[in-house]
Every structure is written in structure tokens, then in C-alpha cells.
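Listed below, chain by chain, are the residues.
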Amino acid sequence: MPELPEVETTRRGIAPRLTGARIARVIVRDRRLRWPVPTELEDRLTGARIAAVDRRAKYLLIRTGVENRTGTAIVHLGMSGHLRFVAPGTPPGAHDHVDVEIDAGPVLRFNDPRRFGCWLWTDDDPLEHPLLARLGPEPLDPAFSGDYLHAASRGRRIAIKPHLMNAAIVVGVGNIYASESLFRAGIHPLRAAGRISARRMSVLTAAVGEVLTEAIRYGGTTLRDFYDGDGRPGYFRNELKVYDRAGQPCVTCHRPIRQVTIGQRSTFYCPTCQT
DNA sequence: ACTGGATCCTGACTGC
DNA sequence: TGCAGTCAGGATCCAG
């Protein structure tokens with residue numbers, strides 16, 4: 001479900017109402033997420049004050065406490081997870097696995113049908129957590145440059161598309177935006193990562209940045225079930241040039257967009273414009 | 001060290 | 001209407 005723009009849209013939606021709030025109660029209805037939800041989560045969150053809601057890659061970091069009593073809930077939405085606010089007392093529906101109740105405010109409710117998401121806890125620096133410690137640069141950070149990507153791709157025979165989706169190379173680029181970025185850069189998704197020039201890599205890193213920035217501006221992409229903290233869909237779907245457009249005309253050359261499977265993931269591209 | 005494949009899980013959709 | 005098969009926005013783990 002969510003790639004970086006959707007997670008960032010979620011973060012921007014929930015952060016204002018959570019930051020500074022005190023957590024009154026946490027309810028975990030199903031601990032069977034990607035990894036079991038630790039009971040430590042409720043113990044540490046209850047009564048704590050939220051200091052910030054940050055994002056690293058596709059992880060949301062709900063930071064609590066002050067000085068020597070700090071900690072962080074590490075939340076991932078997986079393929080099908082959502083966070084949204086509901087009025088206190090709203091009865092939980094199917095797959096509503098976690099509630100975070102704040103004083104005198106709405107309830108933050110986590111819904112995740114496929115349970116690929118996670119809610120974990122750490123008392124330490126979350127960036128040092130095993131899940132986050134070895135992540136690549138943020139795609140909107142200047143560190144994600146053409147030179148960096150070129151260097152990180154030397155000797156790699158893997159296709160550029162799954163390479164872009166590898167979080168050790170760059171984070172936040174999922175299946176939709178990998179296809180969209182490659183279209184924008186004019187690079188064929190099956191081209192070997194190690195055989196793309198530094199010049200083209202700099203076009204590609206710029207394309208990734210533009211696509212993600214634009215998608216955030218549109219509130220993300222809603223294909224079927226993404227909604228922000230207030231239940232609004234993302235409108236970037238209308239801006240997609242290749243994703244989910246198999247057989248439809250390329251916006252540039254008008255020849256049909258092609259769909260192939262690369263690394264078990266659907267991939268869309270224009271065979272004329274992308275080489 | 002890389003790479004490709006299987007895997008976790010539920011729901012929506014397609015075709016018979 | 002029912003049922004089987006396929007696919008889905010992620011990412012880890014494992015074998016070769």
C-alpha cells in the first residue's frame with residue numbers, strides 16, 4: 001500500500017494533533033502483525049507525552065517523553081495498513097488492531113487487513129534499531145545523488161527497477177514510484193543497474209525526487225485503499241504516467257504502455273521512450 | 001556478496 | 001451464486 005509519499009502524507013496528517021499530546025490509553029486487539037506487538041508498547045506509551053512524529057524510510061517514529069525517559073514506537077504500514085483518527089467511542093471494525101487514545105482528543109486507529117505492518121518499541125535511538133540501522137539514504141536528501149547511485153550500482157547485474165526498490169540503496173521507493181521514476185528518466189526497467197552511466201543516474205535521481213515530491217503534494221496515490229489521517233484519498237493516481245496503464249497510450253509517444261513482471265512485481269513502462 | 005524465489009496475510013476481482 | 005485462481009502500494013529470509 002504505502003510508499004514514501006503515502007507514509008509522509010500520513011505523518012503530516014497525524015503529527016499536528018499528536019505532538020504534545022498525552023497518551024491516555026493504548027489498546028492492542030491483535031498482536032499478530034509482521035512481528036508480535038510487544039506488551040512493552042502499551043506499558044511505555046501509556047501516560048507518556050508525544051514529543052514528535054518523525055519518518056525514516058517508510059517507518060513512522062512516534063517519539064515520547066523527555067530527557068532520561070524517552071522512547072519510540074516504530075510503526076510500519078506494510079502493504080495494507082492505515083492510520084486514521086476516529087472519534088472516541090467509535091466501535092472497532094475488522095482489522096482495527098491498535099488504538100492510541102490521547103487526552104481530550106480523537107483516537108489514532110491502526111487498521112491493517114494483511115498484517116504486514118508492525119508496531120514495535122525501543123528505548124534507544126530508533127535509527128540504531130536493526131530494522132533502520134542499515135537503510136540507504138532518503139530519496140529527497142542531497143546524499144541521494146547521481147554519483148552516489150552510480151557508485152552504489154557498480155558491478156550489479158540486477159535490473160534497475162528492483163535495484164531502486166532496494167532499501168539498502170535508497171529508501172521509500174516502492175513499486176508505483178519505481179516505474180514512474182524510470183519512465184520520467186527514460187530508462188528501461190530491465191536495464192542492468194551496473195550498466196547505466198553516471199549521467200543517466202543523475203537524471204534518474206532527479207526523477208525520483210521530482211516524482212516523490214509531486215506525489216506528496218497530491219497527498220499520495222490512492223489505488224484502492226490509501227487514505228490519510230482524516231480519511232482523504234491521495235490524488236496522484238491521476239498523475240500516473242505508466243503505473244496501472246497497461247495497453248493505454250504513452251503520454252509522450254502514444255504507443256501502448258507495456259506490463260511485465262520483474263522480481264515478482266508488476267512493472268509498467270513505455271518500450272519506445274525507455275531504453 | 002548478489003540474486004531470485006518463497007513467504008507472511010486478507011480481500012478484491014476475474015473467469016468458468 | 002459459488003468457487004478457484006490471480007493479484008495487490010512491503011520487506012525479510014533462505015538457498016544457490
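This text follows the structure it describes.
Enquirer: Break down the pattern of salt bridges for me, with residues and values.
Expert: All told, the structure shown has 21 salt bridges when counted by the stated rule. Between Asp-99 and Arg-29 there is a salt bridge; the shortest N-O distance is 2.7 Å. With a gap of 70 residues between them, Asp-99 in strand E6 (residues 96-102) and Arg-29 in the loop between strand E1 (23-28) and helix H2 (40-45) connect regions that are remote in the sequence. The buried category is assigned to Asp-99, whose relative accessible area is 2%. You can call Arg-29 partly exposed: its relative accessible area is 35%. With a shortest N-O distance of 3.9 Å, Arg-109 and Asp-96 are connected by a salt bridge. With Arg-109 in strand E7 (residues 107-111) and Asp-96 in strand E6, the pair connects residues that are 13 residues apart, well separated along the chain.

Enquirer: Quick rundown of helix H1 (residues 4-18)? Include the residues and the values.
Expert: With 15 residues, H1 extends 20 Å between its outermost C-alpha atoms, agreeing within 8% with the 21 Å of an ideal straight helix rising 1.5 Å per residue. In terms of residue burial, H1 counts as a mostly covered element, since 12 of its 15 residues are buried. Trailing H1 by a residue or two, Gly-20 shows a phi angle of about 90°, which is positive.

Enquirer: Explain the protein's contact with DNA strand B to me, using residue names and the numbers behind them.
Expert: The environment of DNA strand B is formed by His-95, Pro-113, Arg-114, Arg-115, Phe-116, Arg-156, Arg-157, Ile-158 and Gln-264. Among atoms of DNA strand B positioned within 4 Å of the protein, sugar and phosphate together represent 56%. Side-chain polar atom of Arg-115 to a sugar or linking oxygen of DNA strand B: 2.8 Å apart, as the coordinates give it. Ile-158 has a polar backbone atom sitting 3.0 Å from a phosphate oxygen of DNA strand B.

Enquirer: Which residues make up the sheet that holds strand E5 (residues 82-86), and what values do they have?
Expert: Spatial strand order, E1-E6-E7-E5: four strands in an open sheet with antiparallel pairing. Bordering the open sheet on either side are E1 and E5, each of which pairs with just one other strand. The sheet shows a mean angle of 20° between the axes of neighbouring strands, taken without regard to direction. Here five bridges tie E5 to E7, and the two strands are oriented antiparallel to one another. The residue of E7 that forms the bridge with His-82 is Asn-111. Set on the sheet, H1 makes contact with E5, E6 and E7; between it and E5 the angle comes to about 40°.

Enquirer: Give me the pairing of E6: which residues, what numbers.
Expert: Where burial is concerned, most of E6 is hidden: seven out of the seven residues are buried. Bridge count for E1 against E6 is five bridges, and the pairing is antiparallel. Within the sheet, the bridge partner assigned to Arg-25 lies in E6 and is Glu-101. Connecting the antiparallel pair E6 and E7 is a turn made up of four residues, with Ala-104 showing a positive phi of about 45°.

Enquirer: So, the side chain of His-82: which residues are in play, and what are the values?
Expert: As for its position among the elements, His-82 is in strand E5. Since its relative accessible area comes to 13%, His-82 is described here as buried.

Enquirer: Account for the nonpolar core, naming residues and giving values.
Expert: Side chains of a nonpolar character, in soluble globular proteins, are inclined to be buried together. Core analysis: the largest hydrophobic core is formed by 32 residues, its most contacted members being Leu-149, Ile-160, Leu-164, Tyr-177, Ile-187, Leu-204 and Val-208. Contributions of two or more residues to this core are made by helix H5 (160-164), helix H6 (175-185) and helix H7 (198-217). Looking at this core, the element that brings in the most residues is H7, giving seven residues. Residues in contact with Val-208, not counting those within four places in the same chain, are Pro-139, Phe-144, Leu-164, Val-173 and Ser-181. The next biggest cluster of nonpolar side chains, apart from the first, holds 28 residues, and it includes Val-28, Ala-73, Leu-77 and Val-98.

Rules used in this analysis
Residues numbered from 1 in each chain as written. Chains lettered and ligands numbered in written order. Predicted model: local features only at pLDDT ≥ 70, side-chain atom pairs only at ≥ 80, totals over all residues. Heavy atoms only, no water. Salt bridge = Lys/Arg side-chain N within 4 Å of Asp/Glu carboxyl O. Helix = DSSP H or I, 4+ residues; strand = E, 2+ residues; numbered from the N terminus. Buried < 20%, exposed > 50% of the residue type's maximum accessible area, 1.4 Å probe, protein only. Expected span 1.5 Å × (residues − 1). Near = heavy atom within 4 Å. Polar contact = N/O pair within 3.5 Å; in protein donor to acceptor, adjacent residues only side chain to side chain. Pairing = 2+ DSSP bridges. Axes fitted to C-alpha atoms, helices over the stretch in contact; angles between N-to-C directions. Contact = heavy atoms within 4.5 Å. Core = buried A, V, L, I, M, F, W, Y, C linked by side-chain atoms within 4.5 Å.

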